[in-house]
Amino acid sequence: MVDTRTANVEVKRPWLTPTNRRRLENFKANKRGYWSFWIFMLLFVLSLCAELIANDRPLVASYKGEILFPVLVDYPEEKFGGFLAVTDYRSSFIDEEIKANGWVVWPPIRYSYGTVNSNIPHSAPTAPFWLMDKQERCSAYPLGTQDPGCVLGNLNWLGTDDQARDVMARMIYGFRISVLFGLALTIVSALIGVTTGAIQGYFGGWTDLLMQRLIEIWSSMPVLYVLLIISSILPPGFFILLGIMLLFSWVSFVGIVRAEFLRARNFEYVNAARALGVGNWTIMYRHLLPNAMVATLTFLPFILSGSITTLTSLDFLGLGMPPGSPSLGELIAQGKRNLQAPWLGLTAFFTMSIMLSLLIFVGEAVRDAFDPRKTFR
């Protein structure tokens, strides 16, 4: 006799299959890659909150009993007794007016990526504040060391560039742009490359032959020279540059996916699905694509690091982001032009080194996780 109480109980399926659970354990077992992933994610999340860390606007202020959020809302200066359309919260007049009628909370760094520090002790670029004594770093303020403006938030932690802009702020914003650009380029390239490779590998024949010849012709073009030519003609911008680099970056995914589909398209379960009348696109998406994505996922961190390096290289040559944009490549170029200011080149060097090293370590861990022969003890 069947117990109806147990017969109606649904068995909950685990959210991870045994194969994916093994991959996750292998990924965790690679300590260097596992901790690199979390360090990189922490840095990326912090850079997404760059406006709350480095900004020339207060986070929150109280003025005449009203709570204001200058970091989110553009208040005209007339609200504080001025007459300009945009409020300069760093000016002594606005600062004293707000403090006389309320209070203000600033971010840890009181500079945005384009804010010019008018209180530097000497001509730009200036060294980090911890390389100067208090008398020197406060010498440009009206009251010297006694000036209320000479506080930690107004000092330049990593110095200034040759336009008196805070290097720390530009590094944080530049890191965010580099990672977002790399992620966008990698994801869109993967979508195009995986789709193209899947069509070639599954249908084969003349479809594969014609598309492969077109890809070979396209990939034989001198990519760097084409990028330089197009970048010098079109106006600089994030999406313009993303579109230009997307023209060539998707090709690197095609070969991997094509080989996986060519290998698996005649497997027994695929022939059985065809015999049952399952459509080609359903077979490609539900049965073949998961196997092909194993090789693709191991490739993604390395493509991401390559995309970031390419953007940095174009910015270094002056053909990347628009002038004034926070960029690690532009910071490297400033270090090259100002050898007497080593903090510029060292900041860019260590930022790029740490970022790319973390991505490479993560890529190695992902590759080990998807390797069925790899085991950790």
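The sections below set out a description of the structure shown in this document.

Calculation rules
Residues numbered from 1 in each chain as written. Predicted model: local features only at pLDDT ≥ 70, side-chain atom pairs only at ≥ 80, totals over all residues. Heavy atoms only, no water. Helix = DSSP H or I, 4+ residues; strand = E, 2+ residues; numbered from the N terminus. Buried < 20%, exposed > 50% of the residue type's maximum accessible area, 1.4 Å probe, protein only. Contact = heavy atoms within 4.5 Å. Areas by Shrake-Rupley, 256 points an atom, 1.4 Å probe, with all protein chains shown as cover. Lys, Arg positive; Asp, Glu negative; His and termini not counted. Charge placed at Lys NZ, Arg CZ, Asp CG, Glu CD. Axes fitted to C-alpha atoms, helices over the stretch in contact; angles between N-to-C directions. Parallel < 35°, antiparallel > 145°, perpendicular 65-115°, else oblique. Left-handed = near helix turned anticlockwise from the far one by under 90°. Nonpolar A, V, L, I, M, F, W, Y, C, P; charged D, E, K, R; others polar. Disulfide = S-S within 2.5 Å. Pairing = 2+ DSSP bridges. Polar contact = N/O pair within 3.5 Å; in protein donor to acceptor, adjacent residues only side chain to side chain. Core = buried A, V, L, I, M, F, W, Y, C linked by side-chain atoms within 4.5 Å. Phe/Tyr/Trp six-rings, centres within 6.5 Å; stacked < 30°, edge-to-face > 60°. Salt bridge = Lys/Arg side-chain N within 4 Å of Asp/Glu carboxyl O.

### Brief notes about the overall build of the chain
1) Next: For the chain, the helix and strand inventory stands at 15 helices and 3 strands.
2) Next: The principal-axis extent of the C-alpha atoms belonging to the chain is close to 85 × 70 × 45 Å.
3) Next: In the chain, which comprises 377 residues, the share counted as buried stands at 43%.
4) Next: Contacts in the chain between residues at least 24 apart in sequence constitute 68% of all its contacts with a sequence separation of at least 6.
5) Next: For the chain, the exposed area adds up to about 20800 Å²; of that, 65% sits on carbon and sulfur atoms.
6) Next: One finds the centroid of the 32 positive side-chain charges in the chain at a distance of 13 Å from the centroid of its 28 negative side-chain charges.

### Observations regarding the packing of helix α13 (residues 280–317) against helix α14 (residues 328–337)
The relative placement of two packed helices is expressed as an angle between their axes plus a distance between the axes.
1) Next: At a minimum axis separation of 7 Å, α13 and α14 run at an interaxial angle of 45°. Taken together, α13 and α14 sit at an angle that is classed as oblique. Pair α13 / α14 crosses with right-handed handedness. Residues T312, D315 and F316 of α13 form the contact with α14, whose participating residues are L328, G329, E330, I332, A333 and K336.
2) Next: Classifying every residue of the contact of α13 with α14 by side-chain character gives 4 nonpolar, 2 polar and 3 charged.

### What about the state of the cysteines?
Any covalent bond linking the sulfur atoms of two cysteines counts as a disulfide.
1) Next: Taken as a whole and assessed by the stated rule, the structure comprises 1 disulfide.
2) Next: Disulfide partner of C138: C150, at an S-S distance of 1.8 Å. Measuring the twist about the S-S bond at about -65°, one finds the C138-C150 disulfide to be left-handed. One end of the pair, C138, is in the loop between α6 (134–137) and α7 (167–203); the other, C150, is in the loop between α6 and α7, and 12 residues separate them in sequence. Neither C138 nor C150 differs from the other in exposure class; each is buried.

### So, the sheet that holds strand β2 (residues 66–68)
1) Next: With antiparallel pairing, the 3 strands of this open sheet are ordered in space as β2-β1-β3. Unpaired on one side and paired on the other, β2 and β3 (102–105) mark the two borders of the sheet. Strand-to-strand twist across the sheet, computed as the mean angle between neighbouring axes with direction ignored, equals 15°.
2) Next: Looking at chain direction, strand β1 (residues 60–63) and β2 are connected through 3 bridges and run antiparallel. Directly across from S62, in β2, lies its bridge partner I67.
3) Next: The sheet contacts of helix α5 (residues 92–100) involve β1 and β3, and relative to β3 the element is tilted by about 120°.

### Re the environment of S178
1) Next: Mapped onto the elements, S178 comes out in helix α7.
2) Next: The exposure class assigned to S178 is buried, which follows from its relative accessible area of 4%.
3) Next: Note: C-alpha distance between S178 and G329 (151 residues apart in sequence) is 9.6 Å.
4) Next: S178 has contacts with I308, L311, L328 and M355, leaving out every residue within four places of it along the chain.
5) Next: For S178, the side chain forms a polar contact with the main-chain oxygen of G174, separated by 2.9 Å.

### Focus on the pairing of β1
1) Next: Burial along β1 is two-sided: V60 and S62 facing one way and A61 and Y63 facing the other are all buried.
2) Next: Note: β1 against β3, 4 bridges, orientation antiparallel. Within the sheet, the bridge partner assigned to S62 lies in β3 and is W103.

### Topic: unusual backbone geometry
1) Next: Cis geometry marks the peptide bond from A124 to P125; its omega dihedral reads 0°.
2) Next: Its place among the elements puts P125 in the loop between β3 and α6.
3) Next: Located in the positive-phi region is K64, a residue other than glycine, with phi close to 55°.
4) Next: Position of K64 among the secondary structure elements: in the loop between β1 and β2.
5) Next: With a relative accessible area of 58%, K64 lands in the exposed category.

### Considerations on the nonpolar core
For soluble globular proteins, the rule of thumb is that nonpolar side chains tend to be buried together.
1) Next: Judged by nonpolar contacts, the single largest core of 14 residues is most densely connected at F181, L185, L227, L241, M245, L311 and M321.
2) Next: Only α7, α9 (223–233), α10 (238–249) and α13 provide two or more residues apiece to this core.
3) Next: By residue number, the principal contributor to this core is α10, which donates 6 residues.
4) Next: Beyond its immediate sequence surroundings of up to four residues, L185 is in contact with L242, M245, L246, S249 and S307.

### Notes on the packing of aromatic side chains
1) Next: Following the criterion strictly, the structure yields 17 aromatic pairs and no others.
2) Next: Put simply, the rings of F27, Y34, W35, F37 and W38 touch in pairs and so form one group of aromatic residues.

### Description of the pattern of salt bridges
1) Next: Here the structure, examined in full by the defined rule, presents 13 salt bridges.
2) Next: Between D162 and R337 there is a salt bridge; the shortest N-O distance is 3.5 Å. Of the two residues, D162 is situated in the loop between α6 and α7 and R337 in helix α14; the sequence distance between them amounts to 175 residues.
3) Next: As a salt-bridge pair, E260 and R263 come within 2.8 Å of each other at their nearest N and O atoms.

### A few points about the side chain of T296
1) Next: With respect to the helices and strands, the residue T296 is situated in helix α13.
2) Next: Setting aside residues no more than four positions away along its own chain, T296 makes contact with V194, F253, I256 and V257.

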